[in-house]
Structure formats: C-alpha cells, structure tokens
Amino acid sequence: MSLLSLDTVKTLLFWYVVWTSTLKAQRHLRARGLRASVRDVYLYASQYIIRLVLRAPATRQKVESQMNQAKLGIEERLVPKGPNVVRHLALPEEGKPLEWILAEMEKMDSENQHSTSWRLGKLSGAVYHGGQDLQDVIIAAYGRYCVSNPLHPELFPAVRKMEAEIVSMCLHLYNNPTGAGVMTAGGTESIIMAVKTYRDWARDVKGITDPEMILPASAHVAFDKGAAYLKIKTHLIPVDRVTRRVDLKHVKAAINSNTIMLVGSCVNFPDGNQDDIVGLAQLATRYNVGLHVDCCLGSFVVPYLEKAGLANGDEDGRYKLEPFDFRVKGVTSISCDTHKYGFSPKGTSVVMYRDAQLRKYQYYVNPHWTGGVYASPSMSGSRPGALIAGTWAVMQHMGSSGYLESCRSIVISARKIANAIQEEIPELYVLGSPPASVVGFASKHPKVNAMEVGDAMSKRGWHLNALADPPGVHIACTKLTVSVVDMFIADLKDSVRDAKLAPSGQGVMVQLYGLGKSSPVGPSMVGELATAFLDALYKA
C-alpha cells in the first residue's frame, strides 16, 4: 500500500512538472510569437556552437588578443596617463587646505585629453544645466542642508517638509493632486521601485508568486534591470518600425494570469517617441494589472507641451502628444526625473502612484530588527537631504512660467533639428514622430552607415547616443542645445557627407555596434567590453 502510494505521488509529481512546464512554454510562445521563439532557439544553438569553436587554442588566442586591445583602448580614453598625472591612492598624512584641494580639482579637470567641456552644448542630454542663476540657487540650498539626512525627520523637519512638497508639486503637474509619491535617487531607482511595488501588490492581492511584466522594446533598460534584481520574467514587445509605438495586439497576447504590470513611455529614451498610453491603459484596466508610464525623460517637458501650444504638433500632424498622465484611467504610476528638465541637482527623481494604498507596497518595513523598528520608503536608508533642498529651491525659483518657457525653447529646437533632417538631409530619416525634446535618426541610404555619421559627429566634438535597433543616433536637446542648433545641423550635413564618401570604419560606434551584430556571440563580446568599461571607472 505504501509502495502504491509512493508510486502515485511520483506520478502526480511527474505530471505536475509536465503541466507547469507546458503552461510556461505556452505563455512564452504566446508572448513572444512563433517567429521570435524560433529565433531564440536558433540564437541559443548558434551561440553554443560558436563558443565550442572559440575554445580552439588558436581561435581563442586571436579573439583574446583583439578583446584585450579593445579593453586597453577603453582604459586609455578614461584613465589619464603621463608624468604630470598625480595619483592620490592613500590618505595624506596631513590634511590639505581648501586652496590646495580646489587647485588639484582644477588640474584633474584638464588631465584627460579626450574630455569635452559640456559647457559648449555639443552633447545629448547628460547635463541638464539650467543656467548660472539656478546653479547659484542649488549651491546655496546645498550649503544650508549639506549634513541633513531625511532618515531622521525629527532632526531635519524642513527637509521632510520640502520632500513632501516636491512630491505634491509633481502630482499636481501630472494631474493627480490626491495621489501619492516618493522621491528617489534617479529615474532608475524610481522605475525599480515601481517594479517592486507591483510585484508585492500582485503577491498580496492576486496571489502571484511567479510574476511577469510586459514592456516595449523601446522601454528604458532600468525595467529589465529591476526585473533582474527582483526575479521577474519580462516579455519584450516589438515596436512598430514606423510609429515607434509598442504593438498593442502583441501586448494583449502576452498578458496572462502571472502578469503584474504593463509599461509605456512618454517619451522613450532611444528615439523620443510616445507609446499609446490610452490603449495600454485600457488593457491594464481590463485585465486588472498595473500600468507604469515612464516620464523620466519627459519630466518637466511633456506636462507643459499643451500650455506651450505644441501638443497638437505641426500642420502636417507630426509631433503630436497624446494623453499620458493620471487623467487617463488605468494609469496607476508615473516616474518623473526632477534632475533632467526640472534642472534640479543630479540624483533626484519622483515616482508617483494613483493612491497611497498602492504606494505602501513600495515601502520596506521591519519591526523585528534588533536595532529597533526600521522603515524606509525606497532603496536607500540614509539619503542626502541637501539634494532634496536643492530640488525644492530650483522648483520654487523656476515656477510654472519658467518651466513653460524652457519647454517651449527646447522643443522648438528639437523640432527644428527634426525638420532639417527630414527636409534637407535625404540620406537620413527621423525615427517616428517625437513630440518632445529627443530626436532619433537612422540611415535610409545604402552607402551611409548611421554609426559612421555618429563617429563623424564625435570628431566634430559632439557627444551623442548610439541606438541599436535600427542602427541610429539620437540627440536629447537641452537648454544648452538651444544656442547651437544651427551648428548641429551644419555639422550633421558634413558628417553625412563624410560617412558617404570616406567612411573610416574605425570609430567607436562603428566598431562597438558592428561587433554586436557580427555574430550570435557578438552581444556577449560587447558585454565583456562594457564590463571592462565599468572596471576602468574604478582604476585610479
């Protein structure tokens, strides 16, 4: 009888494993589609075979030699060298005066020959400088609260008040004054906190223990980063090659009983386009899942497009902004970077929720710790209150009228660039119809490599972002861009000419992204170089 029972248990266990594995495979196939699933299998098999080939001593030695050379090139660009470079690898025996410290900082600023001054404005995003007056405001606020820590609100009540008011101002900006939110250290933390919130909400309310999330291929990589940290399966949905919006039919097919959240962007990082937030919200409402709208890059631009008279686009219907904020039923959370177009100090962002009931799933609370009851709203424990003070001060100094004017000038600059590409540079085309501050472009000429164009722009002093699918380049316009728009357009025309007539094939964009497409193991090689880049950051 006991043997029969044991055999029955084994049989039931076997069929349970078969059933759960089949269910996972069916969900995966439904979400990815037959073609993408077959491609995944092909890539896996190809990578396995190529790795076997790379184990041959001669092949391995050649690849390692080329990779080591590339890694050395990365290090040479980042780490200053030469007889005049002084390295401070251990604490000095005696403390240095302020004059020495400032002089040494000045020296370090000029040590690297590859560095480019951001003040020239020849860069994509990176530095969201609001002007000298805002810099003075930030410095004054930072100096007043440089030792403050919001972990101890009873010691720093003003910082607690300012943080609450920053969240409230952002909620009003995104049309949810009765909602809730939290400040974070940046857009990545805001996004990861939202992912954590939906994971815990779904586990508590829906009993989901094997969570999955659905995001556009154009969504910020921070969502995938959060999924990797929090052990959540992701389904990456392709975007339309013309509109650059996520395919809603594919999103719907990917939804299953383990889905915890959908994602949309306004605007996305790669090409500055907006997903169909209304369509995504309808799906989120129908299937009772969260919808997070990533407005980290849209931040203090997209909420002002309507007031600036720019939301309806131009006479040809290009650059139109669709509904995206909490006025859309089904939008349950939004992330907004105050340190981008809000011009606050770097390291500040806000994640907002439709209500406080949802926000509580973001919190970490431990009443059993031997050190006492511990509770924190986000990833960090101690936080720099000075950054909160700087953000509050900047928002008060700018006011709604200041943000409206900055939105108008930045977006008009971006549209001038987009129009010039479409009307004056036939070798290129604009990706989608970007409504805000980012313009992505790719090549439509067989003899023009967009990466060559990007490298040619680098030779002219521009620091732009490379895109992978399709191969392209983007510029995120800022207040610094406004005064150099005409220079950008002229340099872009010259760079297209260079890429067409005399491609070098030796630039960083061409080599790095060409390597990524070179073979099924290309991405892993790029990943190895990215790791070398991170290692170089910590080489003193």
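Residues numbered from 1 in each chain as written. Predicted model: local features only at pLDDT ≥ 70, side-chain atom pairs only at ≥ 80, totals over all residues. Heavy atoms only, no water.

Note the cut-off: UniProt positions are given in the numbering used here, feature names are shortened, and annotations may be inferred rather than shown by experiment.
The protein is annotated in an unreviewed UniProt entry as sphinganine-1-phosphate aldolase of Amanita muscaria. Looking at the Subcellular location (unreviewed entry) heading of the UniProt record, one finds this comment for the protein: "Endoplasmic reticulum membrane". Annotation of the protein in UniProt includes, under Cofactor (unreviewed entry), the sentence "pyridoxal 5'-phosphate".

1. Considering the overall build of the protein
Inclusion rule: Only DSSP runs of H or I with at least four residues qualify as helices, and only runs of E with at least two residues qualify as strands; both kinds are numbered from the N terminus onward. Whether a residue is buried, partly exposed or exposed follows from its accessible area with a 1.4 Å probe, protein chains only, as a fraction of its type maximum: under 20%, in between, or over 50%, in that order. Between two residues, a contact is recorded if the distance between any of their heavy atoms is within 4.5 Å. In short, Shrake-Rupley with a 1.4 Å probe defines the accessible areas, and a residue's cover is counted only from the protein chains shown. We count Lys and Arg on the positive side and Asp and Glu on the negative side, and we leave His and both chain ends out. Each charge is placed at NZ for Lys, CZ for Arg, CG for Asp and CD for Glu.
A count of helical and extended segments in the protein gives 16 helices and 13 strands. The buried share of the protein, taken over its 540 residues, is 46%. Once local pairs closer than 6 in sequence are excluded, the contacts in the protein between residues at least 24 apart make up 73%. Summing over all exposed atoms, the protein offers an accessible surface of approximately 27,900 Å²; the carbon and sulfur share of this is 58%. Charged side chains in the protein number 59 positive and 50 negative. The centres of these two groups are separated by 6 Å.

2. Some remarks on the nonpolar core
How we decide: Here, nonpolar core means buried Ala, Val, Leu, Ile, Met, Phe, Trp, Tyr and Cys residues that are tied together by side-chain atoms lying within 4.5 Å of each other. Domain start and end points were adopted from an automatic or database domain assignment.
With 98 residues, the main nonpolar core has Tyr174 and Phe488 as its most contacted residues. In terms of domain composition, this core takes at least three residues from each of domain 2 (138–398) and domain 3 (400–538). With residues near it in sequence (within four places) discarded, tyrosine 174 still touches Cys295, Gly298, Ser299, Val302, Pro303, Phe324, Asp325, Phe326, Ile334, Cys336 and Met352. Ile192, Met213, Phe223 and Ile232 belong to the second largest nonpolar core, which has 25 residues in total.

3. Comments concerning the side chain of serine 335
Just so we agree on the cut-off: A 3.5 Å cut-off defines polar contacts: any pair of N or O atoms within that distance qualifies, except that in protein one atom must be a possible hydrogen donor and the other a possible acceptor, and neighbouring residues in sequence count only when both atoms are side-chain atoms.
Mapped onto the elements of the fold, serine 335 is located in strand 6 (residues 333–336). Separated by 3.2 Å, the side chains of serine 335 and aspartate 294 make a polar contact. Discounting residues that sit within four places of it in the chain, serine 335 has contacts with Ser190, Ile191, His292, Val293, Asp294, Cys295, Cys296, Val350 and Val351.

4. Here we look at a nonpolar patch on the surface
Note the threshold: Each patch is built from residues that are more than 30% exposed by relative accessible area and take part in no salt bridge. Like charges join if they lie within 9 Å; nonpolar side chains (Val, Leu, Ile, Met, Phe, Trp, Tyr) join within 5 Å. By definition here, a salt bridge exists when the distance from a side-chain nitrogen of Lys or Arg to a carboxyl oxygen of Asp or Glu is within 4 Å.
Together, Leu98, Trp100, Ile101, Leu102, Met105 and Met108 line one region of the surface with nonpolar side chains, adding up to about 560 Å² of accessible area. Mapped onto the elements of the fold, isoleucine 101 is located in helix 4 (residues 98–109).

5. Overview of helix 12 (residues 385–424)
We apply this condition: Multiplying one less than the number of residues by 1.5 Å gives the expected span of a helix. Bending is quantified residue by residue as the angle between axes fitted to the seven-residue window ending at that residue and the seven-residue window starting at it.
Here helix 12 is 40 residues long, yet its end C-alpha atoms lie only 48 Å apart, well below the 58 Å a rise of 1.5 Å per residue gives. Taking the largest bend as the criterion, helix 12 deviates by roughly 80°, centred on glycine 399.

6. Section: the UniProt feature "modified residue: N6-(pyridoxal phosphate)lysine" (unreviewed entry) in the protein
Per the UniProt record, the feature "modified residue: N6-(pyridoxal phosphate)lysine" (unreviewed entry) sits at Lys340. In this fold, lysine 340 is placed in the loop between strand 6 and strand 7 (349–353). Every residue in contact with lysine 340, bar those within four places of it in the chain, is listed here: Tyr128, Cys296, Leu297 and Ser299.

7. Section: the packing of helix 13 (residues 450–459) against helix 14 (residues 485–501)
Axis angle and axis distance: for two packed helices, these are the angle between their axes and the distance between the axes, and together they describe the pair. For clarity, the threshold we go by: Throughout, an axis means a line fitted to C-alpha atoms (over the contacting stretch in the case of helices), and angles, computed between N-to-C directions, take values from 0 to 180 degrees. Orientation is classified from the angle alone, with under 35 degrees giving roughly parallel, over 145 giving roughly antiparallel, 65 to 115 giving roughly perpendicular, and any other angle giving oblique. For a crossing to be left-handed, the near helix must be turned anticlockwise from the far one by less than a right angle; the clockwise case is right-handed. For this scheme, ten residues count as nonpolar: Ala, Val, Leu, Ile, Met, Phe, Trp, Tyr, Cys and Pro. Four count as charged, namely Asp, Glu, Lys and Arg, and the remainder, Gly too, count as polar.
Across the interface, helix 13 lies against helix 14 with an axial gap of 8 Å and an inter-helix angle of 125°. Judged on the interaxial angle alone, helix 14 and helix 13 are oblique. Considering only the axes of helix 13 and helix 14, their crossing is right-handed. The residues of helix 14 that touch helix 13, namely those facing Glu452, Val453, Ala456 and Met457, are Phe488, Asp491, Leu492, Ser495, Val496 and Ala499. Residue classes in the contact of helix 13 with helix 14 are distributed as seven nonpolar, one polar and two charged.

8. Considerations on the sheet that holds strand 10 (residues 428–430)
Cut-off, in case you're wondering: Following DSSP output, two strands are said to pair if at least two bridges run between them.
Within the open sheet, the four strands sit side by side as 10-11-13-12. Their pairing is antiparallel. Edge positions in the open sheet fall to strand 10 and strand 12 (465–467), since each of these has one partner strand only. Averaged over all pairs of adjacent strands, the angle between strand axes in this sheet comes to 30°, irrespective of strand direction. Where strand 11 (residues 438–443) meets strand 13 (residues 472–476), five bridges bridge the pair, whose relative direction is antiparallel. Across the sheet, residue valine 439 finds its bridge partner in strand 13, namely isoleucine 475.

9. Quick word on the packing of aromatic side chains
The test is simple: Put simply, two rings from Phe, Tyr or Trp (the six-membered ring, in Trp's case) pair if the centres are within 6.5 Å, and we call them stacked under 30 degrees between planes, edge-to-face over 60, tilted for the rest. Should the NZ of a Lys or the CZ of an Arg lie within 6 Å of a ring centre and within 35 degrees of the ring normal, that charge is described as sitting over the ring.
Tallied over the entire structure, the rule returns nine aromatic pairs. Ring geometry for phenylalanine 300 and tyrosine 403: centres 4.6 Å apart, planes at 45°, overall tilted. Taken as a pair, phenylalanine 300 in the loop between strand 5 (290–294) and strand 6 and tyrosine 403 in helix 12 lie far apart in primary sequence, 103 residues in all. Here phenylalanine 300 matches tyrosine 403 in class, with each residue buried. Ring pairing ties together the aromatic residues Phe300, Tyr304, Phe343 and Tyr403, which thus form one cluster. Positioned over the ring face of tryptophan 100 is lysine 96, at 5.1 Å from the centre of the ring. Sitting over the face of the ring of phenylalanine 343, lysine 479 holds its NZ or CZ atom 5.4 Å from the ring centroid.

10. Observations concerning unusual backbone geometry
Going from cysteine 266 to valine 267, the amide bond is cis rather than trans, its omega being 5°. When you line up the elements, valine 267 lands in the loop between strand 4 (259–265) and helix 10 (277–287). Of note, the amide linkage connecting aspartate 469 to proline 470 takes the cis form, showing an omega dihedral of 0°. Relative to the helices and strands, proline 470 resides in the loop between strand 12 and strand 13. Although it is not a glycine, serine 299 adopts a positive phi angle of roughly 25°. With respect to the helices, strands and loops of the structure, serine 299 is situated in the loop between strand 5 and strand 6. Serine 299 sits in the buried class, given a relative accessible area of 0%.

11. Regarding the side chain of threonine 332
Relative to the assigned elements, threonine 332 resides in the loop between strand 5 and strand 6. According to the relative accessible area criterion, threonine 332 is buried, its value standing at 19%.

12. A word on helix 5 (residues 132–144)
End to end, helix 5 covers 19 Å across 13 residues, agreeing with the expected 18 Å (1.5 Å per residue, within 8%). Tucked into the core, helix 5 has its buried residues touching helix 12.

13. Some remarks on the pairing of strand 13
Walk down a regular strand and you will see the side chains alternate between the two sheet faces. When you tally the buried positions in strand 13, you get five out of five residues, the bulk of the element. Where burial is concerned, the two faces of strand 13 agree: the one with Gly472, His474 and Ala476 and the one with Val473 and Ile475 are both buried. Inspection of the sheet shows strand 12 paired to strand 13 by three bridges, in the antiparallel sense. Its bridge partner being in strand 13, asparagine 465 is matched across the sheet by histidine 474. The hairpin formed by strand 12 and strand 13 contains four residues between the paired strands.

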